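Residue strings, one per chain:
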Amino acid sequence: MADRYIDVSLSKRGVHCTAKLLDDRAPITCDAVWNALPLGGDVYHAKYARNEIYTLLPAFAPDEPPLENPTVTPIPGDLCYFSFSGTQLGTPAYGYGGASGGVRAGVPVIDLALFYERNNLLLNGDVGWVPGIVWGAVVEGLDGMAEACNDLWRAGALGESLRFRRV
């Protein structure tokens, strides 16, 4: 199989990076994401993991990918896939409820994330360890994206979106 690449962007900030899909390590997840592209939505900066931005999406795979190529310590440039039940993210503490997020009990939610700096740990105070599937690795443009992610943390995410599309 030929290498597959995607463009990951922050639309409002006009910044993007290129990532290679890790078909050799997470083939089922890569196929699920690739077949659903383009994907995107409101961006959030992680409260717990540290140096992570992500978007929440309705489930898009015909069958949920297994936990292939898992990690709880993502490194800069990792793209991760997480699957949550609406119940896991539906508490007011997460801030996804209401019209803004549409997260609700019984409805699966997919989290597609980009880790942009070191020292991440996927440990959540409510549920414990939250392993993610590493399905892509940024190969170009991470420095510019990291700068924009830091700006997102400091200036806010309102009106910004995280987008994934085929190159």
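Heads up: these notes are all about the structure in this document. Not measured: the values here are computed from a predicted model. (Residues numbered from 1 in each chain as written. Predicted model: local features only at pLDDT ≥ 70, side-chain atom pairs only at ≥ 80, totals over all residues. Heavy atoms only, no water.)

1. So, the pairing of strand 10 (residues 132–140)
Part 1: Pairing analysis gives four bridges linking strand 2 (residues 15–21) to strand 10, with the strands arranged antiparallel. Bridge pairing links A19 to V138 in strand 10.
Part 2: With two bridges connecting them, strand 5 (residues 70–71) and strand 10 associate as antiparallel partners. Counterpart to P70 in the pairing with strand 10 is I133. (Pairing = 2+ DSSP bridges. Helix = DSSP H or I, 4+ residues; strand = E, 2+ residues; numbered from the N terminus.)

2. Regarding the nonpolar core
Part 1: Of all hydrophobic cores here, the largest spans 36 residues; its most connected members are I6, L10, I53, L112, W135 and F164.
Part 2: Per-element accounting of this core gives the leading share, six residues, to helix 4 (residues 142–155).
Part 3: L112 has contacts with V33, L39, I53, Y54, T55, L57, C80, Y81, W135, L162 and F164, leaving out every residue within four places of it along the chain.
Part 4: Core analysis: the next-biggest nonpolar cluster, separate from the first, contains 14 residues, A46, C80, A113 and V134 among them. (Core = buried A, V, L, I, M, F, W, Y, C linked by side-chain atoms within 4.5 Å. Buried < 20%, exposed > 50% of the residue type's maximum accessible area, 1.4 Å probe, protein only. Contact = heavy atoms within 4.5 Å.)

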